[in-house]
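# Notes for the structure review
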Amino acid sequence: MRLSDRDIHAHLQDSSFIVVAPRDEYPFDPYTQVQPCSVDLRLDNRFIKFKENVTRMDVKDLGRVWDFLEVFHVPDREPLTIPPQGVLFGQIYEQLRIPPDVSGKIVGRSRIARLGLAIHATGDFINPEFEGSMPLQIINHNNIPITIYPYMTICQLLLVKLSSMPLVPYPLRSENPYHREQDAGPSELHKDPAL
């Protein structure tokens, strides 16, 4: 069962679900950001991209993934242009805490999709009791560059009530590298025992 705005506001009131804007200049506004059955989330100003000289990536090399990546910040209200067919890794501006009896899903917004931009095409699921900032993949499917801006509303959070409480809560799972990340990091796939 997907949570309605009534349910979302109730969770915001009892603090089991928190959406926190990390800086005062862009506070979270439940009256404009909570939609009929979703929460609008904004784009942060921190981004990650592959370095220009990277021509190949092997998932077994992810132990040294920072050798292939660069982090950069875009100043307030400054443009960021994504080249044609370009991929950029960002994150939501808001920090989340998901209730223990709810799961979440990040989805793009129609107004962004209509520009040919895909937001969070994979890895959009959020476990109950997750805390932190969700990463975003931003893909420009156009043959022209598209310019975006930090703090614009870029995606929405859907919340789904679980049929029962999990046997092992997400924070107690041993293989849990992304819990409480304030700055969304790269993949930890190289730690998979199958590799």
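Above this text sits the structure in question.
So, here is what we can say about the structure in this document. (Residues numbered from 1 in each chain as written. Predicted model: local features only at pLDDT ≥ 70, side-chain atom pairs only at ≥ 80, totals over all residues. Heavy atoms only, no water.)

### Considerations on the overall build of the protein
Each helix and strand counted, the protein has 3 helices and 15 strands in total. Whereas a compact globule of 195 residues would reach a radius of gyration of roughly 16 Å, the protein reaches 17 Å, a difference of no more than 12%. Principal axes of the C-alpha set define a box for the protein whose edges measure 50 × 40 × 30 Å. Within the protein, counting contacts between residues at least 6 apart in sequence, those at least 24 apart form 75% of the total. Accessible area for the protein stands at about 10900 Å²; split by element, carbon and sulfur atoms hold 52% of it. Where the 20 positive side-chain charges of the protein centre and where its 25 negative ones centre are 4 Å apart. (Helix = DSSP H or I, 4+ residues; strand = E, 2+ residues; numbered from the N terminus. Rg over C-alpha atoms; globule rule 2.2 N^0.38 Å. Contact = heavy atoms within 4.5 Å. Areas by Shrake-Rupley, 256 points an atom, 1.4 Å probe, with all protein chains shown as cover. Lys, Arg positive; Asp, Glu negative; His and termini not counted. Charge placed at Lys NZ, Arg CZ, Asp CG, Glu CD.)

### Some words on the state of the cysteines
Scanning all chains against the criterion turns up 0 disulfides. Unpaired in this structure, Cys37 has its nearest cysteine sulfur neighbour in Cys155, at a distance of 15 Å. Judged by its relative accessible area of 32%, Cys37 falls in the partly exposed class. (Disulfide = S-S within 2.5 Å. Buried < 20%, exposed > 50% of the residue type's maximum accessible area, 1.4 Å probe, protein only.)

### So, unusual backbone geometry
The backbone of Arg77 sits at a positive phi, close to 65°, despite the residue not being glycine. Here Arg77 lies in the loop between β5 (69-73) and β6 (80-82). A relative accessible area of 63% places Arg77 in the exposed class.

### What to know about the sheet that holds strand β2 (residues 34-35)
Spatial strand order, β2-β3-β15-β9-β11: 5 strands in an open sheet with antiparallel pairing. Across the chains shown, the open sheet's two edge strands, defined by having one partner strand only, are β2 and β11 (125-126). Pairing between strand β9 (residues 102-108) and strand β15 (residues 153-161): 7 bridges, direction antiparallel. Counted as the bridge partner of Gly104 is Leu159 from β15. (Pairing = 2+ DSSP bridges.)

### Concerning the pattern of salt bridges
In this structure the tally under the stated criterion is 8 salt bridges. We note a salt bridge from Arg109 to Asp40, for which the minimum N-O separation is 3.6 Å. One end of the pair, Arg109, is in the loop between β9 and α3 (110-113); the other, Asp40, is in strand β3 (residues 38-42), with 69 residues separating them in the sequence. With relative accessibility at 6%, the residue Asp40 sits in the buried group. Here Asp101 and Lys161 are joined by a salt bridge, their closest N and O atoms 2.3 Å apart. Note that Asp101 is positioned in the loop between β8 (95-97) and β9 and Lys161 in strand β15, a separation of 60 residues in sequence. Classification of Lys161 as partly exposed rests on a relative accessible area of 34%. (Salt bridge = Lys/Arg side-chain N within 4 Å of Asp/Glu carboxyl O.)

### Quick look at the packing of aromatic side chains
Summed over all chains, the structure comprises 5 aromatic pairs. Consider the rings of Tyr26 and Tyr93, whose centres lie 6.1 Å apart with planes at 90°: the pair is edge-to-face. Within this pair, whereas Tyr26 is found in the loop between β1 (18-20) and α2 (30-33), its partner Tyr93 is found in the loop between β7 (87-91) and β8, the two being separated by 67 residues in sequence. In this pair, the class of Tyr26 matches that of Tyr93, namely buried. Here the aromatic rings of Phe50 and Phe89 are separated by 6.0 Å at their centres, their planes lie at 75°, and the arrangement is edge-to-face. Placement of the pair is Phe50 in strand β4 (residues 46-50) and Phe89 in strand β7, with a sequence separation of 39 residues. Judged by its relative accessible area of 36%, Phe50 falls in the partly exposed class. Ring pairing ties together the aromatic residues Tyr26, Tyr93 and Tyr151, which thus form one cluster. (Phe/Tyr/Trp six-rings, centres within 6.5 Å; stacked < 30°, edge-to-face > 60°.)

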